[in-house]
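Coordinates in review
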Amino acid sequence: MGEEYKIQAFDADTQNLLKTALKDPASVDLEKVANVIVEQSLRDATFSKEAGKMCYTIIQAESKQTGRSVFRSALLNRLQSEYRNREEMRARSVQEWVCYVSFICNVFDYLRVNNMPMLALVNPVYDCLFELAQPESLQREEEVDCLVLQLHRVGEQLDKMNAQRMDELFSILRDSFLLQNGLGSLAQLLLLEMIEYRAAGWKMTDAAHKYYYSEMAD
């Protein structure tokens, strides 16, 4: 089973819970499953980047098996509750905050309702990206990395859902690139790359890829 490699960090009971949820969701406590996945995502950066796929699989399996969406509701409730406490989370641990943003973007990327991204997540995802674009955040490499990775992952989808907010976000990024003192050279490079990436219709030219990634490797 393709999902197994993502759940080896869990104890045996939790691994069994997740494996069952992926195949026979009606037989387990799906609220508990949602909490387990969110909590692991906040602790483990690698898992937070992969967990959206697992959530999608459970949602599909539950829908097929029972026609219900208990897991999706529990997942969204938990994401919302973490979202409301995001300032305390970031103050407590930048690592946990970056994992949360990575997870919510991953869930947004995978979850679909009638082949459309989930409207309920558009503004929370935007709010997180705006916070990563604040001057203080742009001085932290892990927050800049997170911002750039998520824009690569979901920027184009978000732009289609609400172009005005994307314009506002990129206006902040351009001002930061041009005006903010104390930006590291890597942060400047990544911001320039993002600005050009969106200007090119969310596509990176080969030349740009070569330029940025050879610069970053130096």
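Residues numbered from 1 in each chain as written. Predicted model: local features only at pLDDT ≥ 70, side-chain atom pairs only at ≥ 80, totals over all residues. Heavy atoms only, no water.

This part is about helix H10 (residues 185-199). Compared with the 21 Å implied by 1.5 Å per residue over 15 residues, the 21 Å span of H10 between its first and last C-alpha is a close match. Count one or two residues on from H10 and you reach Gly201, which has phi positive near 75°. (Helix = DSSP H or I, 4+ residues; strand = E, 2+ residues; numbered from the N terminus. Expected span 1.5 Å × (residues − 1).)

Under the definition given, this model contains twelve salt bridges. Between Arg153 and Asp109 there is a salt bridge, with its nearest N and O atoms 3.1 Å apart. A residue pair is termed long-range when its members are at least 10 positions apart, and Arg153 in helix H8 (residues 141-161) and Asp109 in helix H6 (residues 94-110) qualify at 44 residues. By relative accessible area, which is 30% here, Arg153 ends up partly exposed. In this structure, the salt-bridge partner of Arg165 is Asp127, at a minimum N-O distance of 2.7 Å. Separated by 38 residues along the polypeptide, Arg165 in helix H9 (residues 163-179) and Asp127 in helix H7 (residues 119-132) bring together distant segments of the chain. If you follow the salt bridges from partner to partner, you end up with Arg90, Glu136, Arg140 and Glu143 in one network. (Salt bridge = Lys/Arg side-chain N within 4 Å of Asp/Glu carboxyl O. Buried < 20%, exposed > 50% of the residue type's maximum accessible area, 1.4 Å probe, protein only.)

Here we come to the environment of Ile7. Its location among the elements puts Ile7 in the segment before helix H1 (12-23). Once the C-alpha coordinates of Ile7 and Ala51 are considered, the two residues, 44 residues apart in sequence, prove to be 9.6 Å apart. If near-sequence neighbours (up to four positions away) are discounted, Ile7 is found in contact with Gln15, Leu18, Lys19 and Met54. (Contact = heavy atoms within 4.5 Å.)

Now for the domain arrangement of the protein. Split into domains, the protein comes out as domain 1 (12-113) and domain 2 (114-209). Computed from C-alpha coordinates alone, the two centres of domain 1 and domain 2 are separated by 24 Å. Listed by partner, the interface residues are 23 residues for domain 1 and 26 residues for domain 2. Taking both partners together, domain 1 and domain 2 bury about 2300 Å²; carbon and sulfur atoms supply 66% of that area. Of all residues in domain 1, the largest losses of buried area upon contact with domain 2 belong to Arg90, Phe108 and Val113, amounting jointly to 31% of the total for that side. In this structure, the connection of domain 1 to domain 2 is made through nine residue pairs in polar contact (both at pLDDT 80 or more). The set of elements that each furnish at least two residues to the side of domain 1 that touches domain 2 consists of helix H4 (70-84), helix H5 (86-92), H6 and strand S1 (112-113). Ranked by residue count, the leading element in the side of domain 1 that touches domain 2 is H6, at 13 residues. In terms of residue class, the side of domain 1 that touches domain 2 is made up of 15 nonpolar, two polar and six charged. (Domains from an automatic or database assignment. Buried area = accessible area lost by both parts, 1.4 Å probe. Polar contact = N/O pair within 3.5 Å; in protein donor to acceptor, adjacent residues only side chain to side chain. Nonpolar A, V, L, I, M, F, W, Y, C, P; charged D, E, K, R; others polar.)

This brings us to unusual backbone geometry. In the Ramachandran plot, Trp202 falls in the positive-phi region, its phi being about 65° despite a non-glycine side chain. Looking at the element boundaries, Trp202 is found in the loop between H10 and helix H11 (206-217).

In this section: the packing of aromatic side chains. All chains considered together, the criterion is met by four aromatic pairs. Taking the centre distance of 5.5 Å and the plane angle of 80° together, the rings of Phe10 and Phe47 count as edge-to-face. On the criterion of sequence distance, the pair formed by Phe10 in the segment before H1 and Phe47 in helix H3 (residues 45-66) is long-range, its members being 37 residues apart. For Phe10, a relative accessible area of 9% gives the class buried. Classification of Phe47 as buried rests on a relative accessible area of 4%. For the pair Phe170 and Trp202, a centre-to-centre distance of 5.9 Å together with 90° between the ring planes defines the contact as edge-to-face. You can see Phe170 sitting in helix H9 and its partner Trp202 sitting in the loop between H10 and H11, a full 32 residues away along the chain. (Phe/Tyr/Trp six-rings, centres within 6.5 Å; stacked < 30°, edge-to-face > 60°.)

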